[in-house]
Amino acid sequence: MSKKQKTPEQMQYEKVEQKHETKRPVVKNCIKAFFIGGLFCIVGQAISYFYIYFFNFTEQTAGNPTVATMVFIAMLLTGFGVYDRIGQFSGAGSAVPVTGFGNAVISAAIEHRTEGYVLGVGGNIFKLAGSVIVFGVFAAFVVALIKSILIQMGVI
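Residues numbered from 1 in each chain as written. Predicted model: local features only at pLDDT ≥ 70, side-chain atom pairs only at ≥ 80, totals over all residues. Heavy atoms only, no water.

Chemist: Which parts of the structure should I look at to understand the overall build of the chain?
Modeler: Scanning the chain from N- to C-terminus turns up 7 helices and 0 strands. Here the C-alpha atoms of the chain give a radius of gyration of 23 Å, more than 25% beyond the 15 Å that 2.2 N^0.38 yields for 156 residues. For the C-alpha atoms alone, the extent of the chain along its principal axes is close to 70 × 45 × 40 Å. Within the chain, the fraction of its 156 residues that count as buried is 23%. Expressed as a percentage of contacts within the chain between residues at least 6 apart in sequence, the contacts between residues at least 24 apart total 49%. For the chain, the exposed surface amounts to about 12,000 Å²; the carbon and sulfur share of it is 68%. Computed over 13 positive and 8 negative side-chain charges, the separation of the two mean positions in the chain equals 4 Å. (Helix = DSSP H or I, 4+ residues; strand = E, 2+ residues; numbered from the N terminus. Rg over C-alpha atoms; globule rule 2.2 N^0.38 Å. Buried < 20%, exposed > 50% of the residue type's maximum accessible area, 1.4 Å probe, protein only. Contact = heavy atoms within 4.5 Å. Areas by Shrake-Rupley, 256 points an atom, 1.4 Å probe, with all protein chains shown as cover. Lys, Arg positive; Asp, Glu negative; His and termini not counted. Charge placed at Lys NZ, Arg CZ, Asp CG, Glu CD.)

As structure tokens, this is what we get:
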């Protein structure tokens, strides 16, 4: 419609639409997303310190169990319906990569569970997160390949 001239009825409708359009509280939404995302990061840091203090991990090795724990917690919260409420409140703040990944994986599984465990859950569990996994594996391969070439050349 942008290339064509609008009719008087269309112009009148746009005026009515703009008059009744709900204004989005962008700044408020950004602040909520910032604080909820930060809260997720604080929880992740606390879990990391837990692994360092109680299980003698180092800062470098505590990352893997921390990520696994955060994904597991996000999956549990999604299964109990809590993560959806957090997501509705905080918007993008709940999409912190690790917990957002766990939520995406388990949401697809929950959505397709009525189709059976093999074809429903198994076939659709990575529908949303599959591309993330494929990209992550491919990116890791490319980085490792570049690093190997640089080591062979004596640059690193």
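Past the structure itself, the notes keep going.
Chemist: Would you explain the nonpolar core in this entry?
Modeler: Here is a general trend for soluble globular proteins: nonpolar side chains tend to be buried in one another's company. Counting 5 residues, the largest nonpolar core is built from Val105, Ala109, Val121, Ile125 and Ala129. Here Ile125 is in contact with Val105, Ala108 and Ala109, once residues within four sequence places are set aside. (Core = buried A, V, L, I, M, F, W, Y, C linked by side-chain atoms within 4.5 Å.)

Chemist: What should I look at first to understand helix α1 (residues 8–20) in this one?
Modeler: Residues lying three or four places apart along an α-helix face the same way, a consequence of the helix completing one turn every 3.6 residues. When the terminal C-alpha atoms of α1 are compared, their 19 Å separation across 13 residues agrees well with the 18 Å that a helix rising 1.5 Å per residue should span. Within α1, only 0 of the 13 residues are buried, leaving the element largely exposed. (Expected span 1.5 Å × (residues − 1).)

Chemist: Any chance you could explain the packing of aromatic side chains here in plain terms?
Modeler: Here the distance between the centres and the angle between the planes together describe a pair of aromatic rings. Taken as a whole and judged by the stated rule, the model has 8 aromatic pairs. Seen from their ring centres, Phe40 and Tyr83 are 6.0 Å apart, and the 40 degrees between their planes marks the pair as tilted. On the criterion of sequence distance, the pair formed by Phe40 in helix α2 (residues 26–55) and Tyr83 in helix α4 (residues 82–90) is long-range, its members being 43 residues apart. For Phe40, a relative accessible area of 12% gives the class buried. Given the relative accessible area of 3%, Tyr83 is considered buried. Grouped by ring-pair contacts, the aromatic residues Phe50, Tyr51, Tyr53, Phe54, Phe55 and Phe57 constitute a single cluster. Directly above the ring of Phe89 sits Lys32, whose terminal nitrogen or CZ lies 4.6 Å from the centroid. (Phe/Tyr/Trp six-rings, centres within 6.5 Å; stacked < 30°, edge-to-face > 60°. Lys NZ or Arg CZ within 6 Å of the ring centre and 35° of its normal.)

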